[in-house]
Amino acid sequence: MLESVKQTSVYSALKLNNVLSHAYLFYSADKEKNNQIALTFARSLVCTNGTGCGICNGCKQFVGNSHPDVIVLQQDSIKVDDVKLLIEKLSTKPISANKKVFVILNAETINETAQNKLLKSLEEPNESTIFVLTTTKTDKLLPTILSRLNKVFVPNFSVNDKFLISNELLKQNIDISKFVEKDFSLTEMLNLATNEEYFKTINQISQLFYNLNSTADIPKVASALEVENKQLFFSCLTEMLLSCLNEKENKFDEKILLPIKLKFNNKALMKCLPLVDEGYKYLMSNVNFSYILDNLLFNMLKEKFLCK
Ligand SMILES: [Zn+2]
């Protein structure tokens, strides 16, 4: 877990205190995620509001591939002539943004000669230029190139990682809002960080099902459960059951759902969903929570055995 917290390099590397490096490399095994984050970052660099707001002219032009200060290179093979062309454009001043931004997606496609050519520009950074590169294969880049790039690992966050990382960020008082836009996972992370209760609840539910093997366990697991927000308990439980059923929409860590998945097959899960809903309705009509919980767990276990 500590390792994932270290991966906050995404932010420290982005130098959120306004100190920008002249060249970045976003890397991980996930090509699409690398490119998405790199483009989001690049857009924020030419955004009038500095956020990648999506509304200003800079953002609009960026999205429409018509920003005069942005070049995005994405080719199966990037040759020396392509790099030469890029370098020619380095010498001119930015037209509408503060910086000119050169994005090279999947930089492993730059052949060696072209990399050597590019190296010169990276070695003698131009104040008004920022390079943003991505790759899934750092070993395809020359060590000399790599050493010139501010490397940003793009982690494949799990919900738990996000929670840990965002807590870490909050502790360090890092204001990431500046670079964040709606579809950027950082926003989500911050939301999650402010929602400790939510995480406590899903962990409690996971633990509950881990310890629940037969009806004899019900009194024990039910009394061990300390639920402050009872409505949240039901919405979390529903969300978790739905996630067990729908792998694609699953936003939980595998470990969180495992105690449920191991006990309930899909057929049982389908039967349990209305039970949870029913429990929620009882709660809303002021029925005692521990009574509802006992009943719910009993009926869920019943479905588990019936649906074998
Ligand atoms: Zn903008």
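Residues numbered from 1 in each chain as written. Predicted model: local features only at pLDDT ≥ 70, side-chain atom pairs only at ≥ 80, totals over all residues.

**Looking at the overall build of the protein chain**
At step 1: In terms of regular secondary structure, the protein chain is built from 15 helices and 5 strands.
At step 2: Scored against the burial criterion, the 308 residues of the protein chain give a buried share of 31%.
At step 3: Sequence-distant contacts, at least 24 apart, represent 77% of the contacts inside the protein chain between residues at least 6 apart. (Helix = DSSP H or I, 4+ residues; strand = E, 2+ residues; numbered from the N terminus. Buried ≥ 20, exposed ≤ 12 C-beta atoms within 10 Å, placed from the backbone. Contact = placed C-beta atoms within 7 Å.)

**Observations regarding the nonpolar core**
At step 1: In terms of nonpolar packing, the biggest core is built from 36 residues, with Tyr 24, Ala 38, Ala 42, Val 101, Val 103 and Val 132 touching the most fellow members.
At step 2: Among the elements of the structure, strand S1 (23–27), helix H3 (31–46), helix H4 (57–63), strand S3 (100–104) and strand S4 (129–135) are those that each provide at least two residues to this core.
At step 3: Residue contributions to this core peak at 7 residues, all from H3.
At step 4: Not counting residues within four places of it along the chain, the set of residues in contact with Tyr 24 comprises Phe 131, Val 132, Leu 133, Leu 149, Asn 150 and Val 152.
At step 5: If you look at the next biggest cluster of nonpolar residues, it comprises 25 residues, including Phe 234, Met 240, Leu 293 and Leu 296. (Core = buried A, V, L, I, M, F, W, Y, C linked by C-beta atoms within 7 Å.)

**Things to note about the environment of Leu 142**
At step 1: If you trace the backbone, Leu 142 turns up in the loop between S4 and helix H7 (143–148).
At step 2: It is 7.6 Å that separates the C-alpha atoms of Leu 142 and Glu 112, two residues lying 30 residues apart in sequence.

**Structural notes on the sheet that holds S1**
At step 1: Read across the open sheet, the 5 strands follow the order S2-S3-S4-S1-S5; overall the sheet is parallel. Looking at which strands have only one partner, the edges of the open sheet turn out to be strand S2 (70–73) and strand S5 (150–153). For this sheet, the mean inter-axis angle between neighbouring strands, taken without regard to orientation, is 15°.
At step 2: With 4 bridges joining them, S1 and S5 adopt parallel strand pairing. Among the inter-strand pairings, Leu 25 is bridged to a residue of S5, identified as Lys 151. (Pairing = 2+ DSSP bridges. Axes fitted to C-alpha atoms, helices over the stretch in contact; angles between N-to-C directions.)

**Remarks on helix H14 (residues 266–284)**
At step 1: Over its 19 residues, H14 runs 27 Å from end to end, which matches the ideal 27 Å to within 8%, given 1.5 Å per residue.
At step 2: Packed against the buried residues of H14 are helix H12 (230–245) and helix H15 (289–306).
At step 3: Following H14 by one or two positions, Asn 286 has its phi on the positive side, about 65°. (Expected span 1.5 Å × (residues − 1).)

Nothing here speaks to function; it is all geometry.
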